[in-house]
Amino acid sequence: MKTQADKLKELVKDSSQKKLKTRVIAITSGKGGVGKTTLSANIGYALSSLGFKVALFDADIGLANLDVILKVNANKTILDVLKNECELKDILINVNENLTLVPGESGEEILNFADEISLNNFLSQLDVFNEYDFFIIDTSAGIDKKVLMFLEAADDVIVVTVPEPAAITDAYAMIKIISEKKDLIYMILNEVNSEKEANNIFGKILKVVKQNLRDDFRLLMLGYVKRDKIIMTSSTRRELFVREFPNVQVSQQVFSIAKKIARISERKVLEEEKGISKFFKRIFSGF
């Protein structure tokens, strides 16, 4: 007798095979308080400013707050779609011409409502993202099973950390676990005092990675963002610092990261099937 999981796997296998160009990027961290959500929002805005169409998906379990940072009101979330209480297009919030927020909910709640009927309905609506270049996921911090499911399903994973021993240790622990499923992980050093400090910290993490993880695994530094009062002030005011202060150093560092993400995506676009459809199929089918 087929189980619910078996039915879901058959459903996602038999659903539309249309390839989407959208690249799914999960931004995560080993611990909270490292600026992950702030960076997710500002990187998303930077990419949109560069002319790319971006969707930001708030998957921070129990602490979904991208709507606060982006100064928008999220009345419904992806959970309402899975409950068949509204359509996917109804929950999307346009932040600007190229940036859209996909309001999230507890990751556990989302997966609990992924039954055969709701999943079929949900997958049939994913064409709303056909024209998007990037689907950026702000995950919860820490090594939670639900978080790891999002990371494994994403095309690219970016780990954020800061120059604190506990944060660095937790970041390495996260990298170690993800490396069992991914051949490549990117890293952003946040709140550093200088480029030299960022390179030194990344160098130490990379050394441990090479000593302890498999030979074919790669860890690449995507960039760094310096510690700056502007970021703290913007966070307090619930503003995007790259939007309010586009010419300051930290904003330029975020734009540099966004440009690298764009170049990486361009190089990988023809390598294999990517996109929103494949991401959610992986999430809901249990791989």
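Residues numbered from 1 in each chain as written. Predicted model: local features only at pLDDT ≥ 70, side-chain atom pairs only at ≥ 80, totals over all residues. Heavy atoms only, no water.

1. Brief notes about the overall build of the protein
A count of helices and strands for the protein gives 14 helices and eight strands. Out of the 287 residues in the protein, the part that is buried amounts to 54%. Looking at the protein alone, contacts between residues at least 24 apart form 81% of all its contacts between residues at least 6 apart. If you sum the accessible surface of the protein, you get close to 13,400 Å²; carbon and sulfur atoms cover 47% of it. (Helix = DSSP H or I, 4+ residues; strand = E, 2+ residues; numbered from the N terminus. Buried < 20%, exposed > 50% of the residue type's maximum accessible area, 1.4 Å probe, protein only. Contact = heavy atoms within 4.5 Å. Areas by Shrake-Rupley, 256 points an atom, 1.4 Å probe, with all protein chains shown as cover.)

2. Details of the packing of helix H9 (residues 165-178) against helix H10 (residues 195-212)
For the pair H9 and H10, the least separation of the axes is 11 Å and the interaxial angle reads 40 degrees. Put simply, H9 runs oblique to H10. Both H9 and H10 take part in a crossing whose hand is right-handed. Across the interface between the two elements, Ile168, Tyr172 and Ile175 from H9 touch Ile201, Ile205, Val208, Val209 and Asn212 from H10. Split by residue class, the contact of H9 with H10 holds seven nonpolar, one polar and no charged. (Axes fitted to C-alpha atoms, helices over the stretch in contact; angles between N-to-C directions. Parallel < 35°, antiparallel > 145°, perpendicular 65-115°, else oblique. Left-handed = near helix turned anticlockwise from the far one by under 90°. Nonpolar A, V, L, I, M, F, W, Y, C, P; charged D, E, K, R; others polar.)

3. Re the sheet that holds strand E5 (residues 134-139)
Pairing is mixed across the open sheet formed by eight strands, whose spatial order is E3-E4-E2-E5-E1-E6-E7-E8. Two strands in the sheet have a free side with no partner beyond their single neighbour: strand E3 (93-94) and strand E8 (218-226). Bridging between strand E6 (residues 156-161) and strand E7 (residues 184-192) involves four bridges; their strand directions are parallel. The partner of valine 159 across the bridge, within E7, is methionine 187. This element, H9, spans strand E1 (23-29), E6, E7 and E8 of the sheet and lies at about 165 degrees to E6. (Pairing = 2+ DSSP bridges.)

4. Some words on the nonpolar core
Counting residues in each nonpolar core, the largest one holds 50 residues, and the members touching the most others are Phe129, Phe135, Ile175, Leu219 and Phe280. Element by element, the count of residues in this core is highest for H10, at six residues. Once residues lying within four places of it in the same chain are set aside, the contact partners of leucine 219 are Ile175, Ile185, Met187, Phe202, Ile205, Leu206 and Val209. Residues Val34, Ala46, Val54 and Leu56 belong to the second largest nonpolar core, which totals 43 residues. (Core = buried A, V, L, I, M, F, W, Y, C linked by side-chain atoms within 4.5 Å.)

5. Quick look at unusual backbone geometry
One non-glycine residue, glutamate 191, lies in the positive phi region at around 60 degrees. Along the chain, glutamate 191 falls in strand E7. In this structure, arginine 238 is a non-glycine residue whose phi angle is positive, near 60 degrees. Here arginine 238 is to be found in the loop between helix H11 (229-236) and helix H12 (241-244).

6. Some words on the side chain of lysine 36
As for its position among the elements, lysine 36 is in helix H2 (residues 36-49). Lysine 36 sits in the buried class, given a relative accessible area of 6%. Looking at lysine 36, its side chain comes within polar contact range of the main-chain oxygen of threonine 139, at 2.6 Å. (Polar contact = N/O pair within 3.5 Å; in protein donor to acceptor, adjacent residues only side chain to side chain.)

7. Some remarks on the pairing of E8
Here E7 runs beside E8; their pairing, made up of eight bridges, is parallel. Of the residues in E8, the one forming a bridge with methionine 187 is methionine 221. Once the chain exits E7 it traverses H10 before rejoining the sheet at E8, and the crossover so formed is right-handed. (Right-handed = clockwise from strand over helix to strand, strands pointing away.)

8. Section: the pairing of E6
Taking burial as the measure, the six residues of E6 include six buried ones, the bulk of the element. What you see with E6 is no split at all: Asp156, Ile158 and Val160 on one side and Val157, Val159 and Thr161 on the other are buried throughout. As judged from the five bridges shared by E1 and E6, these two strands associate in the parallel manner. Among the inter-strand pairings, serine 29 is bridged to a residue of E6, identified as valine 160. Following the chain from E6 across H9 to the adjacent parallel E7, one finds a crossover that is right-handed.

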